[in-house]
Amino acid sequence: MEMLSVEQVADELGLHVRTVRTYIREGRLNAVRIGKQYRITRADLEAMTGAPPPVAARRAEAATTVRVDGIGRSDMDRISTLLTASTARGEGVRIQISYDEDNASLTVMLLGGLAATAELLRLVHVLTDQEGRGP
């Protein structure tokens, strides 16, 4: 939820800050007081100005957990580094990696857009498939 300051609302509407504060005091513009400042939601600003409320963008995400057994520490480190570097490119996928050294088990959890998550899953497949082949 986008929260705007009184100054931001004044800039957007081309009004003086005092005018916006007057609208808030008179109840013409809904606002929440946080400390000594007011914050106005984008929806409340659009309701006051008569602009149609924004249509929520359609978004799909995938939450995936991959477990790879029989993987050594050095291979896990290499895979972890490559996956982390791949997510750092700003594709919006969050990644969490866990390694159980006693059981030689790697767990990779991914949450993000469908295409970006699918790409990372392909990368996990390629990396773990190569590990099992040996030299």
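Note that the coordinates shown come from a computational prediction; the quantities given were computed from them, not determined experimentally.

Peer 1: Even after reading the chapter, I still don't get the sheet that holds strand 4 (residues 61-69), so can you show me in this structure?
Peer 2: The strands that make up a sheet pair up through hydrogen bonds in the backbone, lying either parallel or antiparallel. On the basis of which strands lie adjacent, the open sheet formed by three strands has the order 4-6-5 and antiparallel pairing. Each end of this open sheet is capped by a strand with a single partner; those strands are strand 4 and strand 5 (94-100). For this sheet, the mean inter-axis angle between neighbouring strands, taken without regard to orientation, is 10°. For strand 4 and strand 6 (residues 105-113), the ladder comprises nine bridges, and the chain directions are antiparallel. Residue pairing for strand 6: T65 is matched across the bridge by M109.

Peer 1: It is not clear to me how the packing of helix 1 (residues 6-13) against helix 2 (residues 17-26) should be interpreted in this structure. Could you clarify?
Peer 2: Describing two packed helices takes the angle between their axes plus the distance from one axis to the other. Axis separation between helix 1 and helix 2 bottoms out at 8 Å; the angle between their running directions is 110°. Considering their axes alone, helix 1 and helix 2 lie roughly perpendicular with respect to each other. Every residue of helix 2 that contacts helix 1 at V6, E7, V9 and A10 is listed here: V17, V20, R21 and I24. Class assignment of the residues belonging to the contact of helix 1 with helix 2 gives a composition of six nonpolar, no polar and two charged.

Peer 1: Quick question: what am I supposed to make of the packing of helix 1 against helix 3 (residues 42-49) here?
Peer 2: Across the interface, helix 1 lies against helix 3 with an axial gap of 12 Å and an inter-helix angle of 35°. Two packed elements cross with a definite hand, and for helix 1 against helix 3 that hand is right-handed. Across the interface between the two elements, V9, E12 and L13 from helix 1 touch R42, L45, M48 and T49 from helix 3.

Peer 1: Looking at this structure, I do not really get helix 3. What am I missing?
Peer 2: Those residues of helix 3 that sit buried are R42, L45 and E46. Taken end-on, helix 3 shows its buried residues confined to a sector of 95°, consistent with a single buried face. Buried residues along helix 3 sit against strand 1 (3-5), helix 1 and strand 3 (37-41). Of the residues one or two after helix 3, G50 is the one with positive phi, at around 85°.

Peer 1: Sorry, what's going on with the pairing of strand 5 here?
Peer 2: Put simply, side chains in a regular strand alternate between the two faces of the sheet. Pairing analysis gives seven bridges linking strand 5 to strand 6, with the strands arranged antiparallel. Note on strand 6: the bridge partner recorded for Q96 is M109. Connecting the antiparallel pair strand 5 and strand 6 is a turn made up of four residues, with A104 showing a positive phi of about 50°.

Peer 1: Looking at this structure, I do not really get the pairing of strand 3. What am I missing?
Peer 2: Across three bridges, strand 1 lies against strand 3 in antiparallel orientation. Among the inter-strand pairings, L4 is bridged to a residue of strand 3, identified as I40. Here strand 2 (residues 32-34) hands over to strand 3 after two residues, with G35 in that stretch at a positive phi of 65°.

Peer 1: What exactly am I supposed to notice about the nonpolar core here?
Peer 2: One broad rule of soluble globular proteins: the nonpolar side chains tend to lie buried together. Grouped together as the largest cluster of nonpolar side chains are 15 residues, with contacts concentrated most on I71, I79, L83, L106 and V108. Where this core is concerned, the elements lending two or more residues are strand 4, helix 4 (73-87), strand 6 and helix 5 (114-133). Per element, the largest residue contribution to this core is four residues, and it comes from helix 5. The residues touching L83, leaving out its near neighbours within four places in the chain, are I95, I97, V108, L120, L123 and V124. Formed by ten residues, the second largest nonpolar core is a distinct cluster that contains V6, V20, Y23 and L29.

Calculation rules
- Residues numbered from 1 in each chain as written.
- Predicted model: local features only at pLDDT ≥ 70, side-chain atom pairs only at ≥ 80, totals over all residues.
- Heavy atoms only, no water.
- Pairing = 2+ DSSP bridges.
- Helix = DSSP H or I, 4+ residues; strand = E, 2+ residues; numbered from the N terminus.
- Axes fitted to C-alpha atoms, helices over the stretch in contact; angles between N-to-C directions.
- Parallel < 35°, antiparallel > 145°, perpendicular 65-115°, else oblique.
- Contact = heavy atoms within 4.5 Å.
- Nonpolar A, V, L, I, M, F, W, Y, C, P; charged D, E, K, R; others polar.
- Left-handed = near helix turned anticlockwise from the far one by under 90°.
- Buried < 20%, exposed > 50% of the residue type's maximum accessible area, 1.4 Å probe, protein only.
- Arc of directions from axis to C-beta.
- Core = buried A, V, L, I, M, F, W, Y, C linked by side-chain atoms within 4.5 Å.

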